[in-house]
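Topology and contacts: notes
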Amino acid sequence: MATTNMKIEKSTYIRRRAQLKKDMGSGLLLFLGNDEVGMNYADNTYPFRQDSTLFYFFGLDYAGLAAVIDVDEDREIVFGNELTIDDIVWTGTQPSLKDKCSEIGISDTMPMKELKNYIDKARAKGQTVHFLPPYRGDHKVWLWELLGVEPAAQTAKASVPFIKAIVAQRNYKDEEEIRLIEESVDLSTEMHLAAYRTVRPGIHESQVAAAVEEVACRHGNALAFPTIATTQGQVLHNHGFIHQLKEGDIFLLDAGAETKSHYAGDLSSSMPVGEKFTERQEIIYNIHLASFQAAVDTLKLGVPFRDAHIAAATKIAEGMKDLGLMKGDPAEAAESGAYALFFPCGLGHMVGLDVHNMENLGEQYVGYAEGQVKSTQFGFKSLRFARPLEVGFVFTVEPGIYFIPELMDKWRAEHQFMDFINYDKLDVWRDFTGLRNELNYVMTETGARLLGTIKKPMTIEEVYQAKNN
């Protein structure tokens with residue numbers, strides 16, 4: 001599918017900034033844009049990606065910018081430098097900074113050298129300068145220069161009211177954003193279908209990854225995150241493409257597109273390398289499908305997403321009990337954390353301009369409601385999203401089943417969850433690897449709506465059909 005030129009309207013950016021000023025009440029709000037980053041020397045750069053929060057409020061997809069919203073003075077200013085002839089020789093003629101800013105409803109621009117002067121004057125007047133937790137080294141240096149806050153202290157001193165005000169907008173997707181996310185999900189689906197057509201014995205993981213990433217590249221789009229394309233699915237974030245595919249392997253793909261809007265899609269698929277799953281792979285795949293459906297059945301307005309996680313974990317524990325690998329009450333095994341031997345990650349996360357939306361601002365603010373405490377227990381601590389579901393939330397559902405030999409050995413040596421796990425039965429499953437499927441949902445007034453052209457996790461029969469079409 002070719003992606004469109006859909007974009008956010010100018011009025012939306014104006015409304016977002018107005019709401020932020022209203023929510024903050026006072027102070028100077030500082031937005032640091034991203035710059036080019038050298039790959040192995042300054043002029044050989046990684047692909048540019050704008051800071052998502054600056055992009056959300058200002059819509060400017062250019063390097064070398066910063067912005068402030070001066071709530072007390074009711075000013076919105078973008079700082080940046082106009083191109084010189086030396087720049088134009090390499091980049092060609094481009095719109096001026098003022099022209100770029102007029103498209104998002106801002107008339108106030110200043111050279112970058114004036115940013116520190118403006119902040120110094122604000123601080124001299126007693127204004128609070130609100131800044132966000134930095135996630136790039138150059139931002140840490142920049143904040144040190146602008147505010148005198150040493151890098152080691154910056155995350156702790158970041159403005160919690162500023163974080164909460166941003167989360168209060170970016171967590172709730174309007175129809176414009178949902179349309180853009182769905183476009184990214186549709187392109188991500190095309191990437192996964194390319195994998196189904198490519199996977200076969202004898203080729204290498206790198207060849208599948210190339211076929212998948214070519215789909216995004218062909219349409220002029222980027223990846224939402226580094227592709228996971230592996231026969232070693234028990235390694236949750238396996239970005240190496242070093243294995244040759246063999247008959248009897250499970251191939252796990254976790255890949256998503258970021259279209260020109262910068263909104264992300266995030267899908268996972270699990271497929272047999274040969275024509276069919278083996279008998280025991282079918283058993284685990286069907287347990288996984290049951291866990292997925294149990295989670296989806298829990299998705300209702302006002303219900304905490306943690307409940308959906310527990311529903312999936314309970315169904316996995318139930319399936320493992322049927323195989324003789326677990327014992328006791330599956331619901332108790334889920335609440336105790338014993339399930340995490342087979343499902344050590346969280347059920348899902350928010351999606352938006354970041355594939356893990358606003359993770360740089362802190363999971364406790366994005367994925368947890370006020371007063372909700374994020375667990376530190378293995379398994380539960382990886383649950384990025386647990387808060388009650390509200391209209392406008394866009395999120396993933398991605399249960400998985402993994403057989404991780406190192407984790408089995410550790411828990412067995414520590415005698416963990418002996419009331420729930422039959423360790424003597426695990427050895428024959430050590431080489432199983434792992435599998436998961438992942439889809440994207442938006443919460444509406446009438447319930448959770450699946451985004452994209454795939455309308456449910458594929459059954460075993462549908463997986464076979466996808467491989468043969």
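These notes cover the structure that comes with them. Quantities reported herein were computed from a predicted structural model and do not represent experimental measurements.

**Looking at the overall build of the protein chain**
The secondary structure content of the protein chain amounts to 16 helices and 17 strands. A compact globule built from 469 residues would reach a C-alpha radius of gyration of about 23 Å, and the protein chain, at 24 Å, matches this within 12%. For the protein chain, the proportion of its 469 residues judged to be buried stands at 55%. Sequence separation of 24 or more characterises 73% of the internal contacts of the protein chain that already satisfy a separation of 6 or more.

**Overview of the sheet that holds strand S9 (residues 228-230)**
Spatially, the 3 strands line up as an open sheet ordered S9-S10-S12, and their pairing is antiparallel. Among the strands making up the open sheet, the edge pair consists of S9 and strand S12 (267-272). Taken over all neighbouring pairs, the strand axes of this sheet differ in orientation by 10 degrees on average, direction set aside. Two strands pair when backbone bridges link them, and S9 and strand S10 (residues 250-255) are joined in this way by 3 bridges, in the antiparallel orientation. Within the sheet, the bridge partner assigned to Thr230 lies in S10 and is Leu252. Helix H9 (residues 175-198) rests against S10 and S12 of the sheet, and its axis sits at about 15 degrees to S12.

**Remarks on the packing of helix H5 (residues 114-124) against helix H6 (residues 137-147)**
Viewed as axis vectors pointing N to C, H5 and H6 meet at an angle of 50 degrees, and their least axial separation amounts to 9 Å. As the angle between them shows, H5 and H6 are arranged oblique. Within the contact between the two elements, H5 uses Leu115, Lys116, Ile119, Asp120 and Arg123 and H6 uses Trp142, Glu145, Leu146 and Leu147. Of the residues assigned to the contact of H5 with H6, the class counts are 5 nonpolar, no polar and 4 charged.

**Quick look at the pairing of S12**
S12 sits mainly inside the fold: 6 of its 6 residues count as buried. Burial along S12 is two-sided: Leu267, Ser269 and Met271 facing one way and Ser268, Ser270 and Pro272 facing the other are all buried.

**Notes on helix H16 (residues 460-468)**
Think of an α-helix as 3.6 residues a turn; residues three or four steps apart then line up on the same face. Those residues of H16 that fall on the buried side of the exposure criterion are Ile460, Val463, Tyr464, Ala466 and Lys467. Seen end-on, H16 carries its buried residues on one side only, within an arc spanning 160 degrees. Check the buried side of H16 and you find it contacts H9, S12 and helix H11 (279-297).

Cut-offs and rules
- Residues numbered from 1 in each chain as written.
- Predicted model: local features only at pLDDT ≥ 70, side-chain atom pairs only at ≥ 80, totals over all residues.
- Heavy atoms only, no water.
- Helix = DSSP H or I, 4+ residues; strand = E, 2+ residues; numbered from the N terminus.
- Rg over C-alpha atoms; globule rule 2.2 N^0.38 Å.
- Buried < 20%, exposed > 50% of the residue type's maximum accessible area, 1.4 Å probe, protein only.
- Contact = heavy atoms within 4.5 Å.
- Pairing = 2+ DSSP bridges.
- Axes fitted to C-alpha atoms, helices over the stretch in contact; angles between N-to-C directions.
- Parallel < 35°, antiparallel > 145°, perpendicular 65-115°, else oblique.
- Nonpolar A, V, L, I, M, F, W, Y, C, P; charged D, E, K, R; others polar.
- Arc of directions from axis to C-beta.

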